[in-house]
Amino acid sequence: MKTFFYTLKQSFIQFGRNLNMSIISIFAITCMLLILSLFFILVINVNTAAETIKGDYDSIEIFLSDKTTPEQAQEMVDDMKTQEGVSDSFYKPKEQAMAEFRERWGKNGYLLDSLEDNPLPNSVVIVIGDLEKADALAEHAATYDGIEEVKYYKSTVDKLLDATKFVQIAAIVIMIFLIIVSIVVVSNTIKLTVFNRAEEISIMKYVGATNWFIRGPFLVEGIIIGVVSAGISLGITHLVYSKIVDVIGDQVYQMLSMPMVPVGFLTVNFAWIFLALGISIGSCGSIISMRRFLDA
Amino acid sequence: MDTIVFDNVTKHYKSNIGIDHVSVTINEGDFVFLVGPSGAGKSTFIKLILNEIDADSGSIKIRGHEVVGMSARKVPVLRRNVGIVFQDFRLLPKKTVFENVAFAMEIIHKPKKQIQKHVPQVLTMMGIADKADKYPDELSAGEQQRVAIARAIVNKPKVLIADEPTGNLDPDTAWEIMQLLNQINQRGTTILMVTHAKDIVDKMGKRVIAIEKGRIVRDEYGAYGYQEALEKAEMTFDTVQLRNRDTFKARFRRGGDEE
Ligand SMILES: Nc1ncnc2c1ncn2[C@@H]1O[C@H](COP(=O)(O)OP(=O)(O)OP(=O)(O)O)[C@@H](O)[C@H]1O
Ligand SMILES: [Mg+2]
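Residues numbered from 1 in each chain as written. Chains lettered and ligands numbered in written order. Predicted model: local features only at pLDDT ≥ 70, side-chain atom pairs only at ≥ 80, totals over all residues.

## Focus: the overall build of chain B
A tally of helices and strands in chain B yields nine helices and 10 strands. For chain B, the residues scored as buried account for 42% of the 259 residues in total. A sequence separation of at least 24 residues applies to 65% of the contacts in chain B between residues at least 6 apart. (Helix = DSSP H or I, 4+ residues; strand = E, 2+ residues; numbered from the N terminus. Buried ≥ 20, exposed ≤ 12 C-beta atoms within 10 Å, placed from the backbone. Contact = placed C-beta atoms within 7 Å.)

Written out as structure tokens, the structure reads:
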């Protein structure tokens, strides 16, 4: 325990006295975390989009003609609930549809105020539990009287999901590539640091310090560098993403009728990811880069 | 007890002779100069003692512990028991004088209290107590060497090895450093010092081992050169098993009986 505190203290001292090298390493790790965060943001948002799309895919909407009464609609709801593969079904009056529409348009909702009548139809929503049955259920729904249209965009949704899957895989490949590149960059940066201190290490060995005694402060220093980089990257990502959501969040919502991942959620998750990455890159970097000097 | 024993030790580099079939014994309490032309193998001799390089053959015992073929794990322990001083001081540049000396105690996990108490004592002994908070590059060469010596002796090693400790110092400062080493030797630490400084060796009148091309060519008391040695030496010694002159005198006074 004493040794632990000794090491911790020495590391902070080393960190301070090697400020130049520490700053270079922090810069390298931060850059790499920022590039990574860009891809994380992309992947996370694409994932949410995919989830939203899947949510739409999960339901069939039956638009009713204006003549159809709520009672008739209720019969459809009850019938649907008896069907296999249906997890829920409910009647959605046009007023509710309008309210949702307005919410979806957010700030621009006032545009709807100019409408005299509600142009939206009443509808019955069927939430599908078993996607295998979706096609059969859509066909069954089409047999009801008093309906205008059965809305079920299977092929579009399929295409969209394929596209998102491609984006996800591409992003993950690029991310792995980036992580490897950054570990190489960082371990070289740290190697430079250690190289500058090869003399120091050899002196310590002359005085009789064990490898772990020498490694300790460097290791903790690497971790400190990782944590600081994680903090900086997190701050920058938080600011930039807040700005992005501010500027284009509403447009995205209107175009894709899906919200962007909330800033708070993203920040909290990134905190862990950055911390883990920063610490592992910092410590791996310092161990890898010291090996050569300790073996001698 | 024999402090350093080389028994038929050979260490050749790829194309150079480092040390060639060297056998020599240095006794506890000795003050020994290791002299010889450049490239003779002096530093090699010292590196072998510290296990910085390993011998090709032979045996090296430091206070009874075999150093040849020593496992890497034990090397730090060996080095903690041998104080080392170099020509270029080798202080940790980013640590203060106090921290440099304290470092030697920290690696053997000495309690903080003891470090706080003992380091200033050693610095005082070396005459640099007022420099404790300075960094090495704020010190003169002589002061830096004092710090290096303080670090080397702070754990009270039985052996102190110095590779040209006065090589970077002006004659006066060099002589001050020699006085310090002499004091340390008088407190019972065995000292092995590599040097090119003829005047120092002559003035000190200690045992001198001369090597050339990796072999011991002379091992006598007194002076740097052979002629001077003859003149200075009051009596001839067996060149294989030499005793420290002071030890010899003491024994001489006691009537020459060995114990
Ligand atoms: N690492 C090495 N690789 C190859 N040859 C070496 C190595 N170190 C020393 N030598 C050679 O071994 C011989 C002895 O070298 P050593 O350093 O022991 O000499 P020295 O007596 O200390 O010389 P100096 O007085 O110049 O310091 C020299 O010929 C030197 O060139
Ligand atoms: Mg040398």
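## Here's the deal with the overall build of chain A
Scanning chain A from N- to C-terminus turns up nine helices and four strands. Across chain A, helices and strands are ordered from the amino to the carboxyl terminus as α-α-β-α-β-α-β-α-β-α-α-α-α. When burial is assessed residue by residue, chain A has 29% of its 296 residues classed as buried. Long-range pairs, those at least 24 residues apart, make up 85% of the contacts in chain A between residues at least 6 apart in sequence.

## What to know about the interface of chain B and chain A
On the side of chain A, 11 residues touch chain B, which itself brings 13 residues to the contact. Taken together, the residues of the side of chain B that touches chain A sort by class into six nonpolar, one polar and six charged. (Nonpolar A, V, L, I, M, F, W, Y, C, P; charged D, E, K, R; others polar.)

## Describing the site of ligand 1
Residues and elements named next belong to chain B. Tyr 13, Lys 14, Asn 16, Gly 18, Gly 36, Ser 38, Gly 39, Ala 40, Gly 41, Lys 42, Ser 43 and Thr 44 make up every residue found near ligand 1. No other element matches helix 1 (residues 42–49), which puts three residues into the shell around ligand 1. Grouping the constituent residues of the shell around ligand 1 by class yields two nonpolar, eight polar and two charged. (Near = placed C-beta within 6 Å.)

## Notes on unusual backbone geometry
Residues and elements named next belong to chain B. At Asn 51, a residue that is not glycine, the phi angle is positive and equals roughly 55°. One non-glycine residue, His 109, lies in the positive phi region at around 55°. Take His 109: it is sitting in the loop between helix 3 (97–106) and helix 4 (112–125).

## Topic: helix 5 (residues 141–153) of chain B
For helix 5 of chain B, with 13 residues, the first-to-last C-alpha span of 19 Å sits near the 18 Å given by 1.5 Å per residue. Taken across its 13 residues, helix 5 of chain B has 10 buried, putting it largely inside the fold. Listing the buried residues of helix 5 of chain B in full gives Gln144(B), Gln145(B), Arg146(B), Val147(B), Ala148(B), Ile149(B), Ala150(B), Arg151(B), Ala152(B) and Ile153(B). The inward-facing, buried residues of helix 5 of chain B contact helix 7 (198–207) of chain A together with strand 6 (82–86), helix 3, helix 4, strand 7 (159–163) and helix 6 (171–186) of chain B. (Expected span 1.5 Å × (residues − 1).)

## Description of the sheet that holds strand 7 of chain B
All names here are of chain B. Across the sheet, six strands lie side by side as 6-7-8-3-9-10; this open sheet has mixed pairing. The strands lining the two open edges of the sheet, one partner per strand, are strand 6 and strand 10 (215–221). On average, each strand axis in the sheet is inclined to that of its neighbour by 15°, with strand direction left out of account. Two strands pair when backbone bridges link them, and strand 3 (residues 31–35) and strand 8 (residues 190–194) are joined in this way by four bridges, in the parallel orientation. Across the sheet, the residue bridging to Val 32 is Leu 192, located in strand 8. Running at roughly 145° to strand 7, helix 1 makes contact with strand 3, strand 6, strand 7, strand 8 and strand 9 (207–212) of the sheet. Contacts from helix 6 reach strand 3, strand 7 and strand 8, with the element oriented near 150° to strand 8. (Pairing = 2+ DSSP bridges. Axes fitted to C-alpha atoms, helices over the stretch in contact; angles between N-to-C directions.)

## A few points about the nonpolar core
Nonpolar side chains tend to gather and get buried jointly when the protein is soluble and globular. One finds Leu34(B), Ile49(B) and Val101(B) to be the most contacted residues of the largest nonpolar core, which totals 98 residues. The element contributing the most residues to this core is helix 8 (residues 211–256) of chain A, with 10 residues. With sequence-adjacent residues up to four places away left out, Val101(B) is seen in contact with Val119(B), Val122(B), Leu123(B), Val147(B), Ala150(B), Arg151(B) and Val154(B). (Core = buried A, V, L, I, M, F, W, Y, C linked by C-beta atoms within 7 Å.)

## A closer look at helix 3 (residues 70–82) of chain A
All names here are of chain A. The terminal C-alpha atoms of helix 3 lie 19 Å apart, and with 13 residues this matches the ideal 18 Å at 1.5 Å per residue to within 8%. Of all the positions in helix 3, only Ala 73, Met 76 and Met 80 are classed as buried. An end-on view of helix 3 places all buried positions within 55° of arc, on one side of the element. In helix 3, the exposed positions angled more than 90 degrees off the buried face are occupied by Glu 71, Asp 78 and Thr 82. Those residues of helix 3 that are buried are in contact with strand 1 (59–64), strand 2 (86–92) and strand 3 (123–128). (Arc of directions from axis to C-beta.)

## Concerning the sheet that holds strand 2 of chain A
Residues and elements named next belong to chain A. Strands sit in the order 2-3-1-4 across an open sheet of four strands; the sheet is antiparallel. The sheet terminates laterally at strand 2 and strand 4 (147–151), the two strands that pair on one side only. Strand-to-strand, the axes of this sheet are offset by a mean angle of 15°, without reference to chain direction. Both strand 1 and strand 3 contribute to a ladder of five bridges, which runs antiparallel. Within strand 3, the position partnered with Ile 60 by the bridge is Ile 126. Across the face of the sheet, helix 3 comes into contact with strand 1, strand 2 and strand 3 while running at roughly 175° to strand 2.

## Some words on the packing of helix 3 of chain B against helix 5 of chain B
Residue and element names in this part refer to chain B. Across the interface, helix 3 lies against helix 5 with an axial gap of 7 Å and an inter-helix angle of 25°. In terms of orientation, helix 3 lies roughly parallel with respect to helix 5. Here helix 3 runs over helix 5; the crossing is right-handed. Across from Val 97, Asn 100, Val 101 and Ala 104 in helix 3, the residues of helix 5 making contact are Val 147, Ala 150 and Arg 151. In terms of residue class, the contact of helix 3 with helix 5 is made up of five nonpolar, one polar and one charged. (Parallel < 35°, antiparallel > 145°, perpendicular 65-115°, else oblique. Left-handed = near helix turned anticlockwise from the far one by under 90°.)

## Some words on the confidence of the model for chain A
As a general rule, the predicted coordinates of low-pLDDT regions are not to be interpreted in detail. Here chain A averages 80 in pLDDT, and 91% of its residues register 70 or above. Here helix 1 (residues 2–17) of chain A is the element of chain A with the lowest mean pLDDT, 73, and strand 2 of chain A is the one with the highest, 86. (pLDDT = per-residue confidence, 0-100.)

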